Amino acid sequence: MERPAPVAVPLGQAEVFQALQRLHMTVFSQSVSPCGKFLAAGNNYGQIAIFSLSAALSSEAKEESKKPVVTFQAHDGPVYSMVSTDRHLLSAGDGEVKAWLWAEILKKGCKEMWRRQPPYRTSLEVPEINALLLVPKENSLILAGGDCQLHTMDLETGTFTRALRGHTDYIHCLALRERSPEVLSGGEDGAVRLWDLRTAKEAQTIEVYKHEECSRPHNGRWIGCLATDSDWMVCGGGPALTLWHLRSSTPTTIFPIRAPQKHVTFYQDLILSAGQGHCINHWQLSGELKAQVPGSSPGLLSLSLNQQPAAPECKVLTAAGNSCRVDVFTNLGYRAFSLSF
Amino acid sequence: MSSESSKKRKPKVIRSDGAPAEGKRNRSDTEQAIEIEERRIQSCVHFMTLKKLNRLAHIRLKKGRDQTHEAKQKVDAYHLQLQNLLYEVMHLQKEITKCLEFKSKHEEIDLVSLEEFYKEAPPDISKAEVTMGDPHQQTLARLDWELEQRKRLAEKYRECLSNKEKILKEIEVKKEYLSSLQPRLNSIMQASLPVQEYLFMPFDQAHKQYETARHLPPPLYVLFVQATAYGQACDKTLSVAIEGSVDEAKALFKPPDDSQDDESDSDAEEEQTTKRRRPTLGVQLDDKRKEMLKRHPLSVMVDLKCKDESVLHLTFYYLMNLNILTVKAKVTTATELITPISAGDLLSPDSVLSCLYPGDHGKKTPNPANQYQFDKVGILTLRDYVLDLGHPYLWVQKLGGLHFPKEQPQHTVIADHSLSASHMETTMKLLKTRVQSRLALHKQFASLEHGIVPVTSDCQYLFPAKVVSRLVKWVTVAHEDYMELHFTKDIVEAGLAGDTNLYYMALIERGTAKLQAAVVLNPGYSSIPPIFQLCLNWKGEKTNSNDDNIRAMESEVNVCYKELCGPRPGHQLLTNQLQRLCVLLDVYLETESHDDSVEGPKEFPQEKMCLRLFRGPSRMKPFKYNHPQGFFSHR
């Protein structure tokens, strides 16, 4: 593949530094606005950039439409996860969760609406928050991360109601099982635990690495990604990407991919997964690889499907990871273009 | 009248008398004659009364007329009087208005204000008691005071004028005296030359230099003046000298001699005839090129002494036809340097001053008009002649006061002092920093080639006490080879790997693990940091595209370089970055999670103190070293 000719601009100290920062940027999290027209992306320097999807997808999009509409410093540390409620954008990174108003976020100098820190046990090092999950029925937010607990925060009052303990190492990811309601959490200790929110107790534990079919000891035992579809669950990371039947806690399908996966989601009748390696993998439930769509980053950390009903023209899949770019897939089959920080 | 009437009547009567007189003129005639007589007498009486009445009427008329005449005369007299009076009244009114409007000159004078007047005027003029009440007197008094003051001031003025005359005369006298001193001083100066030399005060030398400077072309002159001024005012370590032949410089401007004797004429003709055979086209072109690239015979030499006794010698030349300045540089050190292999390019005259300012590589002529000149003689670019002529850096043009605008070629660019002055200080400082950083690198390279990373004592706090990974190799790499490496694609695409940079390869080893680091060294080191790209060979090949932790290690040295700069002026950056890479490799290898399926102990037992081994969705290792506690944590 031909490399594009490098730009011959006289580079002063500031330009070199900026270029180096962009080269070493990692986008950890994304979130779509409630109106569906904007995408927020958070990176490892603690910045959040808001991109206008409607402008970038419109027919007279220029190079500037692929740049953020506004970028601001949200946290001191990396922004590991973000979710959107119908009015707020919640971002979490180094130990705190902050809320931003979507209506105000496009103005310069936006300040957070509130910030909360869950009660941590250790005070030596502030643990990070790796995953945020909204439970709409209870109007609460679940945070999980470095201190191995799941904290529940009530969104109206802002108080921390429950702390679910059980993991022995830090938690990577969360998923919500709508019907029960139950929360699944996957962690560094290699176990996927189901928590019943009403009784606040651990309902089920699946230790993935103990199952021979899916364990891969040379990668480790950590569970990096989780997705659930009421009766079914797919998880991956160190062990192979596997589809589980929750009631019987048995692995039904193992997806044949060697690279550890960092994000997985159910979409219509497919399972989309991404991780090390620059492709998004499309799997059928039977375990066959339907397609591998290449992106522009050497490794992907987050996938986001814009399914907001208010903006059907912005229905796209966006992928971000080990680069400063967010790939936009209008049709799941190929990469349309990339937004960039 | 009455006689007339009677005469008139008489003929009548006669006639009438005549007619009846002959007939019966008896009693009827006599009676009738008596009646007629009576009647005649009556009519005469009537006539007389009539006349009387007429006369009376006339007299009455006359009287009446006289009376009216008199009255009329009286009325006329009164009328005249009235008019006289009216005229007088009008006249008086006019006079009054005139008087009222009269502006006496005294109102045009600005008098001092009342308070001041009462304060300043002596009492015999101000007469306060009288003037306070009477405004007329007051004004008179004020005018008096004004007059007094004016008289006094006029006196003063005359005095001052006379003083001035006196002083002017004195000045004239003194000037004459001074002008008579000049020849005497000259003789004293001549006599003092040996004394100057004996006492090491080269005033005369400086004077001679200024004399030579008059023959310099304008840009070199500007450079000379500004550099000398800067050297005297701010920087004692800078010294300026002029080299070259003054006679040749003078010869350039001498008009060709018109008066030629026959001898020289015939000589010239002879020479011409022998040269009838025209030189070949190529030689002609060559001559034209040489002519175009000709240098002015005089050049300015500037020496910058740095703290460690090393000297940067800069020689500035002026290319006359191209109107640009070039510079040749040389670095001499106090002690003879043994050049390590990898440091070959660091101090070479060709590249030591490259990119002093970003993008100023000195391989292209800065004067856009030169392109047209080059086309005429077939020179493609100045790059081929740069080694011989010196580099035409942009900062050199600015020091000579030549300002070339980027886009449009100008017909004449004149040398400007203000441009040179503003750049002098920055450029001199940059030059010194450049020489010192290159010399520092020189020393560091010598040590690196032997496998030792020279960390100074004031930077030791950045690293833990025990570092096991070792630097094994340090070599230079060609630009093309760097571009061909598979793990440097990102840097090349970002445009950070130009051909003005220097490239090196370092190899760090520990046990079976080998870490290759490709280094891009920008000429603007150390304000622009070196950029590292890593490739680890241990249980497979790991680069930033397939291992997040390698990417994090690169970020630690590339993005977080400011903590590694060390004390000013930051020449320790490269060695600190290399040492940090060794520490990072240690951490990486020791914190690698043990693979349960493989038998045997871990190759690298964990010796570093870490709070947590993995953090975040990408499972980062703890690469940040905390001083003085000595443990590793995550950023």
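Residues numbered from 1 in each chain as written. Chains lettered and ligands numbered in written order. Predicted model: local features only at pLDDT ≥ 70, side-chain atom pairs only at ≥ 80, totals over all residues. Heavy atoms only, no water.

Looking at an unreviewed UniProt entry, one finds chain B named THO complex subunit 5 and attributed to Chinchilla lanigera. In its Sequence similarities (unreviewed entry) section, UniProt records this for chain B: "Belongs to the THOC5 family." If you open the UniProt record of chain B and go to Subcellular location (unreviewed entry), you find "Nucleus". (UniProt positions renumbered as here; feature names shortened; annotations may be inferred.)

Under an unreviewed UniProt entry, the name given to chain A is THO complex subunit 6 homolog, and the organism recorded is Chinchilla lanigera. What UniProt states about chain A under its Subcellular location (unreviewed entry) heading is, verbatim, "Nucleus speckle". In its Sequence similarities (unreviewed entry) section, the UniProt entry covering chain A states "Belongs to the WD repeat THOC6 family."

Visitor: Help me understand the sheet that holds strand β5 (residues 81-84) of chain A in this model?
Guide: Through backbone hydrogen bonds, the strands of a sheet pair up, either in parallel or in antiparallel fashion. Residues and elements named next belong to chain A. In spatial order, the strands read β5-β6-β7-β8; together these four strands make up an open sheet with antiparallel pairing. In this open sheet, the two edge strands, each paired with only one partner strand, are β5 and β8 (114-116). This sheet shows a mean twist of 20° between the axes of neighbouring strands, independent of strand direction. Both strand β7 (residues 97-101) and β8 contribute to a ladder of three bridges, which runs antiparallel. Its bridge partner lying in β8, V97 is registered against R116. (Pairing = 2+ DSSP bridges. Helix = DSSP H or I, 4+ residues; strand = E, 2+ residues; numbered from the N terminus. Axes fitted to C-alpha atoms, helices over the stretch in contact; angles between N-to-C directions.)

Visitor: How should the UniProt feature "repeat: WD" (unreviewed entry) in chain A be read in this particular structure?
Guide: Here the UniProt-annotated "repeat: WD" (unreviewed entry) positions come out as residues 164-205 of chain A. Structurally, residues 164-205 of chain A is divided into 0% helix and 62% strand, and its ends, taken at the C-alpha atoms, are 14 Å apart.

Visitor: Can you walk me through the interface of chain A and chain B in this structure?
Guide: Listed by partner, the interface residues are 42 residues for chain A and 39 residues for chain B. Each partner contributes to the roughly 3600 Å² buried at the junction of chain A and chain B, and carbon and sulfur atoms together form 56% of this total. Applying the counting criterion to the chain A and chain B interface returns five salt bridges. A salt bridge links E128 of chain A to R615 of chain B, with the nearest nitrogen and oxygen atoms 3.4 Å apart. In this structure, the connection of chain A to chain B is made through 15 residue pairs in polar contact (both at pLDDT 80 or more). Broken down by element, the residue count for the side of chain A that touches chain B peaks at seven residues, all from helix α1 (residues 13-23) of chain A. Across the side of chain A that touches chain B, the residue classes tally to 22 nonpolar, 13 polar and seven charged. (Contact = heavy atoms within 4.5 Å. Buried area = accessible area lost by both parts, 1.4 Å probe. Salt bridge = Lys/Arg side-chain N within 4 Å of Asp/Glu carboxyl O. Polar contact = N/O pair within 3.5 Å; in protein donor to acceptor, adjacent residues only side chain to side chain. Nonpolar A, V, L, I, M, F, W, Y, C, P; charged D, E, K, R; others polar.)

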